[in-house]
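Listed below, chain by chain, are the residues.
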Amino acid sequence: MTSSRTYAWIAGVFILFLGIYAAASLTLPAGQSLSTFGNIAQCLVPLLANAGLLLNAGTPHWRRNMFWMLAALSCTLWMIGQFQWTYYEVYLHRPLPDMYPGDIIFFLCGIPLMAALALRPHLKRSEIQLRFGYIDFILLLAWWIFLYAFVVLPWMYAEPSLGQYNVTFDWINTIQSMVIVVGFGVLWLRSRGTWRNVYANLFGCQALHMLSTLMINVAIDLKVYHTGDLYDLPLVASFLWFGAAGLIAYKNSASLDDSSEPSLGEGADRKRGESILASRLAMAAVVSLPVFAVYTIKFGHDSPAVREFRLMAILLAAVPLGFLVFLRQHLADRDRARLLARAEQSVENLQRLQAQLVQTEKLVSLGQLAAGAAHEINNPLTAILGYSDLLADDMSLPEKARAISGKIRDQARRTKTLVGNLLSFARQVPAERTLLDLNTVVTNAVQLRALDLRNSGTKIEMKLESVLPGVRGDGNQLMQVFFNIVSNAVDAMESHNGGGTLTIKTMRDRANVAILFSDTGPGLKEPHRVFDPFYTTKPIGKGTGLGLSICFGIVQEHAGKILCYNSQTGGAVFRVELPAVLAALPTRESQLVSAAAPVVKDP
């Protein structure tokens, strides 16, 4: 109902305005009054067209905004040309000169519409070689203006001839209008939905505009036209139709997005063909300059003045067209260099990805090997534990033998614990999120790494806070994180000065549990790159650069943070923060309150 009412109002205003204009044309006698009315009305209708067209220029789609603004610019240029008529006929009370330089404005008003056609706002597409498309289009527009100067202007400046001027102007202006009409017709046939309706209206009003201007130009040539008569009625109707088309598009703006076609709907072949066609047309425009020169010198039968004027126009047009060709080639060379650099970077990334896959396969194989070895070690360890228990509990053996058996049992149990940690580190235990005590996880990781600390100069000191909130996570993954950090710190200290001290501290920091790893090594050369894949400072064959990047991903999966920096005294500091489960353990304040509260006994 709302759309029907809108269309009814548009049709009513359309008919009312045309009826008033027709009544004035039929009732007012030819003279100053009718001329004043006709000029004012023809200055007003482009404003109404602009009002309807610019309603659509406030969308978030820049291509659509430009389309409607260019269409409005075309109406504005026509209005500027009409102001010239109004100035002469209303203010100066004399007709416009037969050969007036301002006539080029009526020719230029079609150029914004040609630019609007190239935008094709019904397509949803990103920037696809837009710079080259714009340069090609500017080349074609510059050539089109040159064509006007070559065909029309000689009969105004070189050898004034009213008959030749009128014929050439009508001819080139009609060709331009036909190009625009055909362009809107093609868009009308290729679009769908609401956009099809929009293009149909624009096609109709542009076709009416072409026929009306051709009819008026012929009437002017035959000296039967005066402003305000019925010849102007189709022209006024065409501008009113422009405004109505913009208003209809504005009322259906919500459905324009639904009927927009994605760029993939065009087809890659068709888009490539259109781009190549525009480029070839632009190059043909540049190459056509020598053809025009040859025609002027060899085949033209015009006077020397016309010939000289046209040759000068060709030389002047060669400067901007040559500059645009140079600019296009320069941008094309830059794009080729950029694409070549991207291709080389892609090859390097593929090589790095291949190396990463190889390293990943090696790590998987190493983990499987470690898990198999750990399972094989568990069998003799079980026998050692069983026999050592029997020997330690056998009272018939001497005290010294039972003491040695107890030591064997303790070391076997320690070895079994380390094998269990090795199995967890090899990810043979299914990952699951449980409530964890980070002190225990850190201790297990340290025990696993301390197996090969033969150098007495390397020490691991642990300062674990006794009352620590629990953390929900996967103990195997977090132990892998801590093991990697400890292992990297030990390797860095041993390679720097043969040893050092690694201090591990756990503490509560607001709603998090923090673990600090501080070593006395050489520090980090590039702290901002530590967590990058394949970044390592170890020699070739000793490090892959994947450990800390894996740690970074694991900590992020646990909703935590991992940081690294160099301490003021030297050495590297790694800080791991994980969200605490505050309900798991009582806070210090609650413990103090409970300790200070009096105990009330029941009577």
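Residues numbered from 1 in each chain as written. Predicted model: local features only at pLDDT ≥ 70, side-chain atom pairs only at ≥ 80, totals over all residues. Heavy atoms only, no water.

Overview of the nonpolar core
This is how the line gets drawn: Joining through side-chain atoms within 4.5 Å is the link that ties buried Ala, Val, Leu, Ile, Met, Phe, Trp, Tyr and Cys residues into a set, and such a set is a nonpolar core. Note on exposure labels: buried denotes an accessible area under 20% of the residue type's maximum, exposed denotes more than 50%, and partly exposed covers the range between, all computed with a 1.4 Å probe on protein chains only. Counting from the N terminus, the helices are the DSSP runs of H or I reaching at least four residues and the strands are the DSSP runs of E reaching at least two. Contacts between residues were defined by any pair of non-hydrogen atoms, one from each residue, lying within 4.5 Å.
In terms of nonpolar packing, the biggest core is built from 79 residues, with Phe 67, Trp 68, Phe 146, Tyr 148, Phe 184 and Leu 202 touching the most fellow members. The dominant element in this core, judged by the number of residues it contributes, is helix H6 (residues 130–151), at eleven residues. With residues near it in sequence (within four places) discarded, Leu 202 still touches Phe 67, Trp 68, Phe 184, Phe 242 and Ala 245. Judged by nonpolar contacts, the second largest core, of 38 residues, contains Leu 448, Val 471, Leu 478 and Leu 502.

What about the confidence of the model for the chain?
Put simply, the rule is: Scored between 0 and 100, pLDDT is the confidence that the predictor attaches to each residue.
A residue-level look at the chain finds 84% of positions with pLDDT of 70 or above and a mean pLDDT of 81. Looking at the elements of the chain, mean pLDDT is at its lowest for helix H19 (residues 588–596), recorded as 42, and at its highest for strand S7 (residues 512–518), recorded as 93. This model gives residues 264–274 a pLDDT under 50, and the stretch forms ten contacts once residues within four places in sequence are excluded. The low-confidence segment residues 584–603 (pLDDT under 50) makes eleven contacts with residues lying over four places distant or belonging to another chain.

Quick look at the packing of aromatic side chains
We apply this condition: Two rings from Phe, Tyr or Trp (for Trp, the six-membered ring) form a pair when their centres are within 6.5 Å of each other. A pair whose planes differ by under 30 degrees is stacked, one over 60 is edge-to-face, and the rest are tilted. Think of it as a cone above the ring: NZ of Lys or CZ of Arg counts as a charge over the ring if it is within 6 Å of the ring centre and within 35 degrees of the ring normal.
Enumeration over the complete set of coordinates arrives at 23 aromatic pairs. Members of the aromatic cluster, each reached through a chain of ring pairs, are Phe 107, Trp 143, Trp 144, Phe 146, Tyr 148, Phe 150, Tyr 165, Phe 169 and Phe 292. Over the ring of Phe 150 we find Arg 310; its NZ or CZ atom is 4.8 Å from the centre of that ring.

Considerations on the environment of Phe 323
As for its placement among the helices and strands, Phe 323 is situated in helix H14 (residues 304–393). Its relative accessible area of 51% is what places Phe 323 among the exposed residues. Each C-alpha atom, one on Phe 323 and one on Leu 139, is 9.8 Å from the other, the two residues being 184 residues apart in sequence.

A short note on the environment of Cys 43
For Cys 43, the location among the structural elements is in helix H2 (residues 32–54). Cys 43 gets classed as buried once you look at its relative accessible area, which sits at 9%. C-alpha of Cys 43 to C-alpha of Trp 85: the two residues are 42 residues apart in sequence and 9.7 Å apart in space. Contact partners of Cys 43, with chain neighbours within four places excluded, come to Met 79, Gln 82, Phe 83 and Thr 86.

Digging into a nonpolar patch on the surface
To keep things clear, this is the line we draw: Exposure above 30% relative accessible area and the absence of a salt bridge qualify a residue for a patch, where like charges join within 9 Å and nonpolar side chains (Val, Leu, Ile, Met, Phe, Trp, Tyr) within 5 Å. Only the protein chains shown count as covering a residue, and every accessible area follows the Shrake-Rupley method with a 1.4 Å probe. Salt bridge criterion: a side-chain nitrogen from Lys or Arg within 4 Å of a carboxyl oxygen from Asp or Glu.
On the surface, a nonpolar cluster with roughly 530 Å² of combined accessible area is contributed by Leu 54, Trp 62, Met 66, Met 69, Tyr 134 and Ile 138. For the nonpolar patch, the secondary-structure elements that each account for two or more residues are helix H3 (62–91) and H6. Top element by residues in the nonpolar patch is H3. It accounts for three residues. Among the secondary structure elements, Tyr 134 is positioned in helix H6.

Describing helix H18 (residues 547–557)
Turning to H18, its buried residues number three or more, namely Leu 548, Ser 549, Cys 551, Ile 554 and Val 555. Along its buried surface, H18 packs onto helix H17 (475–497), strand S8 (561–566) and strand S9 (572–581). Downstream of H18 by one or two residues, Ala 559 has phi in the positive range, about 60°.

Re the state of the cysteines
This is how the line gets drawn: The rule for a disulfide is simple: a pair of cysteine sulfur atoms within 2.5 Å.
Applying the stated rule across the entire model yields zero disulfides. In this structure Cys 205 is not part of a disulfide, and its nearest cysteine sulfur, from Cys 75, lies 8.3 Å away.

Some remarks on the packing of H3 against helix H5 (residues 110–119)
This is how it is decided: Only the contacting stretch of a helix is used when fitting its axis, a line to C-alpha atoms as for every element, and angles between N-to-C directions run 0 to 180 degrees. Each angle gets one of four labels, with under 35 degrees taken as roughly parallel, over 145 as roughly antiparallel, 65 to 115 as roughly perpendicular, and the rest as oblique. Each crossing gets its hand from how the near helix is turned against the far one by less than a right angle, where anticlockwise is left-handed and clockwise is right-handed.
One way to put it is that H3 packs onto H5 with a least axis distance of 7 Å and a crossing angle of 165°. The angle between H3 and H5 falls in the class roughly antiparallel. When you trace H3 past H5, the crossing you get is left-handed. Residues Arg 63, Met 66, Phe 67, Leu 70, Ala 71, Leu 73, Ser 74 and Leu 77 of H3 form the contact with H5, whose own contacting residues are Gly 110, Pro 112, Leu 113, Ala 115, Ala 116 and Leu 119.

Overview of unusual backbone geometry
Comment: phi is negative for the bulk of residues other than glycine, and the bulk of peptide bonds are trans. In this structure, His 93 is a non-glycine residue whose phi angle is positive, near 55°. Along the chain, the position of His 93 falls in the loop between H3 and helix H4 (103–108). Judged by relative accessible area, which is 54%, His 93 ranks as exposed. Located in the positive-phi region is Ala 559, a residue other than glycine, with phi close to 60°.

With respect to the pattern of salt bridges
The final tally for this structure, using the stated rule, is nine salt bridges. The residue Glu 399 makes a salt bridge to Arg 402 at a minimum N-O spacing of 2.5 Å. Placement of the pair is Glu 399 and Arg 402 together in helix H15 (residues 399–425), with a separation of three residues, close to one helical turn. Put simply, Lys 561 and Glu 577 hold a salt bridge, and the shortest N to O gap is 3.9 Å.

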